[in-house]
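Below, each chain spelled out in residue letters.
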Amino acid sequence: LDQVWGFCKDQQLPKELRRQVLAFYRHQDVKEYSTTDLLGEMPPNIRAGILTHLFNPLIEGLPLFEAAPHEFIEEVCCALSIRLYPAGTTLCRKGAIGKELFIMSRGKAEVVELRDTPLATTYCDSDFFGEGAVVGDEAHQHRIATIVATADCAVCIVKAADMREILKAFP
């Protein structure tokens, strides 16, 4: 339970949400702190509350979703998965089939190879890329750039299949 309390404190969860999380885990056997594992084990309503609390400001602030209703933003928050990439890791490779939208939560990444253009682009907190794979006309478009983490990164990922389901509900 100490690990769950640490998670709640680290994420600065509101008091009521903290109470729900702790109540759920009082009868669970939690051996180590893993955000992904903790979220995966929680009931959907508590998980949705945490994800919305953590990522609503990030998602709401993206130009891609600026006109979207609050319910749409909540659905996107609930569809997110969080990946940690150490510096030097390739996030996506030019020519690969794109199946995900990447949203930088923390860290820095850089375009190292772009289709037919020697343009240097750096992505940092609140930047996004790969949107063509999830909102484009064709389902699985090829990546136009190779992007590498230049610092340790926390990246929110939305899978194309999840985004298509959300878009069906919000035409």
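For the structure, see preceding data.
Residues numbered from 1 in each chain as written. Predicted model: local features only at pLDDT ≥ 70, side-chain atom pairs only at ≥ 80, totals over all residues. Heavy atoms only, no water.

**Regarding the nonpolar core**
Working step 1: Membership of the largest hydrophobic core comes to 34 residues, with the highest contact counts inside it found for Val21, Met42, Ile50, Ile59, Phe65 and Ile103.
Working step 2: At the level of elements, helix 1 (2-10), helix 2 (15-25), helix 3 (35-41), helix 4 (44-60), helix 5 (70-79), strand 3 (100-106), strand 8 (153-159) and helix 7 (160-169) are the ones that each hand at least two residues to this core.
Working step 3: For this core, the element with the highest residue contribution is helix 4, accounting for six residues.
Working step 4: If sequence neighbours within four positions are ignored, isoleucine 50 has contacts with Phe7, Leu13, Leu17, Val21, Leu39 and Met42.
Working step 5: If you look at the next biggest cluster of nonpolar residues, it comprises 15 residues, including Leu91, Phe129, Cys153 and Val155. (Core = buried A, V, L, I, M, F, W, Y, C linked by side-chain atoms within 4.5 Å. Buried < 20%, exposed > 50% of the residue type's maximum accessible area, 1.4 Å probe, protein only. Helix = DSSP H or I, 4+ residues; strand = E, 2+ residues; numbered from the N terminus. Contact = heavy atoms within 4.5 Å.)

**Quick word on the packing of aromatic side chains**
Working step 1: For the structure shown, the criterion picks out four aromatic pairs.
Working step 2: An angle of 35° between the planes, with centres 4.7 Å apart, marks the rings of tyrosine 123 and phenylalanine 129 as tilted. Neither residue differs from the other here; tyrosine 123 and phenylalanine 129 are each classed as buried. (Phe/Tyr/Trp six-rings, centres within 6.5 Å; stacked < 30°, edge-to-face > 60°.)

**Details of the sheet that holds strand 6 (residues 128-129)**
Working step 1: The strand order across the open sheet formed by four strands is 1-8-3-6, and the pairing between neighbours is antiparallel. Of all the strands in the sheet, the pair left with one neighbour each is strand 1 (81-85) and strand 6.
Working step 2: Two elements, strand 1 and strand 8, share five bridges in a ladder whose sense is antiparallel. Bridging from a neighbouring strand, isoleucine 82 pairs with cysteine 156 of strand 8.
Working step 3: In the packing of helix 4 onto the sheet, contacts are made with strand 1, strand 3 and strand 8, and the angle to strand 3 comes to roughly 110°.
Working step 4: Packed onto the sheet, helix 7 meets strand 3 and strand 8 and runs at close to 55° relative to strand 8. (Pairing = 2+ DSSP bridges. Axes fitted to C-alpha atoms, helices over the stretch in contact; angles between N-to-C directions.)

**Brief notes about the pattern of salt bridges**
Working step 1: Counting across every chain of the model gives three salt bridges.
Working step 2: Residue arginine 19 is joined to glutamate 16 by a salt bridge in which the shortest nitrogen-to-oxygen separation is 2.6 Å. Highlighted residues: arginine 19 and glutamate 16, both in helix 2, separated by three residues, approximately one helical turn. (Salt bridge = Lys/Arg side-chain N within 4 Å of Asp/Glu carboxyl O.)

**Quick look at the layout of surface pockets**
Working step 1: There is about 300 Å³ of room inside the second largest pocket.
Working step 2: What lines the second largest pocket is simply Gln11, Thr35, Thr36, Leu54, Phe55, Ile82, Arg83, Leu84, Ser105, Arg106 and Ala154.
Working step 3: Counting residues per element, the ones that place at least two in the lining of the second largest pocket are helix 3, helix 4, strand 1 and strand 3.
Working step 4: Among the elements that make up the lining of the second largest pocket, the one with the highest residue count is strand 1 (three residues).
Working step 5: Residues that form the lining of the second largest pocket fall into these classes: five nonpolar, four polar and two charged. (1 Å grid on protein atoms, 1.4 Å probe; cavity = no way out; pocket = protein on both sides within 12 Å on 5 of 7 lines; lining within 4 Å. Points joined across faces, edges and corners; volume = space filled by probe spheres on them. Nonpolar A, V, L, I, M, F, W, Y, C, P; charged D, E, K, R; others polar.)

**Topic: the environment of proline 14**
Working step 1: In this fold, proline 14 is placed in the loop between helix 1 and helix 2.
Working step 2: Along the chain, proline 14 and isoleucine 50 lie 36 residues apart, while their C-alpha atoms are 9.1 Å from each other.

**As for the pairing of strand 3**
Working step 1: The buried fraction of strand 3 amounts to five of the seven residues, a majority that puts the element mostly inside the structure.
Working step 2: The pairing of strand 3 with strand 8 spans six bridges and is classified as antiparallel. Paired with methionine 104 across the bridge in strand 8 is valine 155.

**Quick word on the pairing of strand 7 (residues 145-149)**
Working step 1: Counting buried positions over the five residues of strand 7 gives five, a clear majority of the element.
Working step 2: Judged by which residues are buried, strand 7 turns out to be covered on both faces: Ala145, Ile147 and Ala149 on one side and Thr146 and Val148 on the other are all buried.

**A closer look at the packing of helix 1 against helix 2**
Working step 1: In contact at an axis separation of 10 Å, helix 1 and helix 2 are set at 165° when each is read in the N-to-C sense. Looking at the two axes, helix 1 sits roughly antiparallel to helix 2. Like other packed secondary-structure pairs, helix 1 and helix 2 cross with a definite hand, here right-handed. Of the residues in helix 2, those touching helix 1 at Val4, Trp5 and Cys8 are Arg18, Val21, Leu22 and Tyr25. (Parallel < 35°, antiparallel > 145°, perpendicular 65-115°, else oblique. Left-handed = near helix turned anticlockwise from the far one by under 90°.)

In short, shape yes, function no, at least from these values alone.
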